[in-house]
Amino acid sequence: MHSQKLGWLLLSPTIIILGLFGIFPFIYVLWVSFHAWNPFAANPGMVFNWADNYRRLVFDPQFLASLGITLAFVFFAVVSELVLGYILAQALLKDFPGKAVFRTIHTLPLIMAPIIVGSVWKLMTTPSIGIIPYLLRSWFGYDLNIGQSAVAAFTVTVIMDIWHWTPLVTLSLIAALVSLPSDPFEQAQIDGAGKSQIFWHITLPLIRPALLATVFIRLMDALRTVDEVLMLTGGGPGSSTRYIGVHIFREVFPKTNYGYGSAISVIVLYLTIVVCWLLYVGLIAPRVKRG
């Protein structure tokens, strides 16, 4: 009994912080989502409107378009980061000249704030002064202008996210690969298994928990991307990069539509939980059941 009380006592700071900065804000946002509220209007009071905000979401073309391009952005960014992160993790497990310098440079984007990343890429992609449009024009004769081309703007935002967050995937997978036992790999090589067979039947199943945890982190981060996209494209041209985080920002701050923005936030949280749960059920749950 004494040990249980001590355990709860030690956990109490974490529980209090989680309640203050996690549970309470969620309950408040959920409450606001059932109201029409513009605190800067002539009548700044909250008006309870049942589920009108959620009903409006179903027929809001801007929200649906934003959700569609967000899912496309998340798919291309996260898949690319996983592939590149695994390749770089395998490379960094080996010794080669300049490994320490490369590892340091590769990790630098992680220490940069998202708004700084957006500012840097804004400078690099500005047609008049940017190094990227200059190189593309010099080498391939292609004029890059993310302010005029929707495809170019979407592609650059994906590449920016890959550049920013691939080091996180690399570090996570390095930790997973280093902790793998050597016996299964040695036995597979003795049995004559090829590299692809070893990867699919030994490496991938063993790093699956770490890989899934990394996917969860990147999914949650990619779905709420705001700062860097606002700095780089502002959500344009048009609405080609108006991802769901940018859409919520536009609804809450310029339009001061707090109730509708809260409803969108709740729906995005729900979709994130559903996607993570589906990944868990598809990749981890069958393995646990067999075990």
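Please read these numbers as outputs of a predicted model, since none were measured by experiment.

Q: Explain the side chain of Glu228 to me, please; I cannot follow it from the model alone.
A: Its location among the elements puts Glu228 in helix H10 (residues 227-232). For the buried Glu228, no salt bridge is present, and the opposite-charge side chain at shortest range is Arg218, 7.0 Å distant.

Q: I'm lost on a nonpolar patch on the surface in this one. Help?
A: Residues Leu18, Ile23, Phe26, Ile27, Leu30, Leu269 and Ile273 make up a contiguous nonpolar surface patch of roughly 620 Å² in combined accessible area. Contributions of two or more residues to the nonpolar patch are made by helix H1 (2-32) and helix H12 (258-283). In terms of residue count, the dominant contributor to the nonpolar patch is H1 (five residues). Summarising the element assignment, Ile23 is placed in helix H1. Relative accessible area serves as the criterion here: at 45%, Ile23 is assigned to the partly exposed category.

Q: Help me understand the packing of helix H3 (residues 61-92) against helix H11 (residues 244-252), please; the structure alone is not making it clear to me.
A: A pair of packed helices is captured by two measures, namely the crossing angle of their axes and the spacing between those axes. Their axes nearest at 8 Å, the elements H3 and H11 cross at an angle of 150°. Considering their axes alone, H3 and H11 lie roughly antiparallel with respect to each other. Residues Gln62, Phe63, Ser66, Leu67 and Thr70 of H3 form the contact with H11, whose own contacting residues are Ile244, His247 and Glu251. Here the residues of the contact of H3 with H11 are counted per class, giving three nonpolar, four polar and one charged.

Q: Looking at this structure, I do not really get the nonpolar core. What am I missing?
A: If you look at the biggest cluster of nonpolar residues, it comprises 29 residues, and the most contacted ones within it are Phe73, Val74, Val158, Leu177 and Ile207. Among the elements of the structure, H3, helix H7 (150-178), helix H8 (183-190) and helix H9 (195-223) are those that each provide at least two residues to this core. Ignoring any residue separated from it by four or fewer positions in sequence, one finds Val158 in contact with Phe73, Phe76 and Ala77. Formed by 11 residues, the second largest nonpolar core is a distinct cluster that contains Ile244, Ala263, Ile264 and Val268.

Q: Explain H3 here, please?
A: Three- or four-residue spacings in an α-helix give side chains the same orientation, since the helix completes a turn every 3.6 residues. Between its first and last C-alpha atoms H3 spans 46 Å; for 32 residues at 1.5 Å apiece the expected length is 46 Å, and the two agree. N-capping of H3 is provided by Asp60, with a side-chain oxygen placed 3.1 Å from the backbone N of Gln62.

Q: Explain the UniProt feature "domain: ABC transmembrane type-1" (unreviewed entry) in the chain to me, please; I cannot follow it from the model alone.
A: When the UniProt feature table is mapped onto this chain numbering, "domain: ABC transmembrane type-1" (unreviewed entry) sits at residues 67-279. With 75% helix and 0% strand, residues 67-279 has its two end C-alpha atoms placed 19 Å apart.

What counts, and where the lines are drawn
- Residues numbered from 1 in each chain as written.
- Predicted model: local features only at pLDDT ≥ 70, side-chain atom pairs only at ≥ 80, totals over all residues.
- Heavy atoms only, no water.
- Helix = DSSP H or I, 4+ residues; strand = E, 2+ residues; numbered from the N terminus.
- Buried < 20%, exposed > 50% of the residue type's maximum accessible area, 1.4 Å probe, protein only.
- Lys, Arg positive; Asp, Glu negative; His and termini not counted.
- Salt bridge = Lys/Arg side-chain N within 4 Å of Asp/Glu carboxyl O.
- Patch = residues over 30% accessible without salt bridge, like charges linked within 9 Å, V, L, I, M, F, W, Y side chains within 5 Å.
- Areas by Shrake-Rupley, 256 points an atom, 1.4 Å probe, with all protein chains shown as cover.
- Axes fitted to C-alpha atoms, helices over the stretch in contact; angles between N-to-C directions.
- Parallel < 35°, antiparallel > 145°, perpendicular 65-115°, else oblique.
- Contact = heavy atoms within 4.5 Å.
- Nonpolar A, V, L, I, M, F, W, Y, C, P; charged D, E, K, R; others polar.
- Core = buried A, V, L, I, M, F, W, Y, C linked by side-chain atoms within 4.5 Å.
- Expected span 1.5 Å × (residues − 1).
- Polar contact = N/O pair within 3.5 Å; in protein donor to acceptor, adjacent residues only side chain to side chain.
- UniProt positions renumbered as here; feature names shortened; annotations may be inferred.

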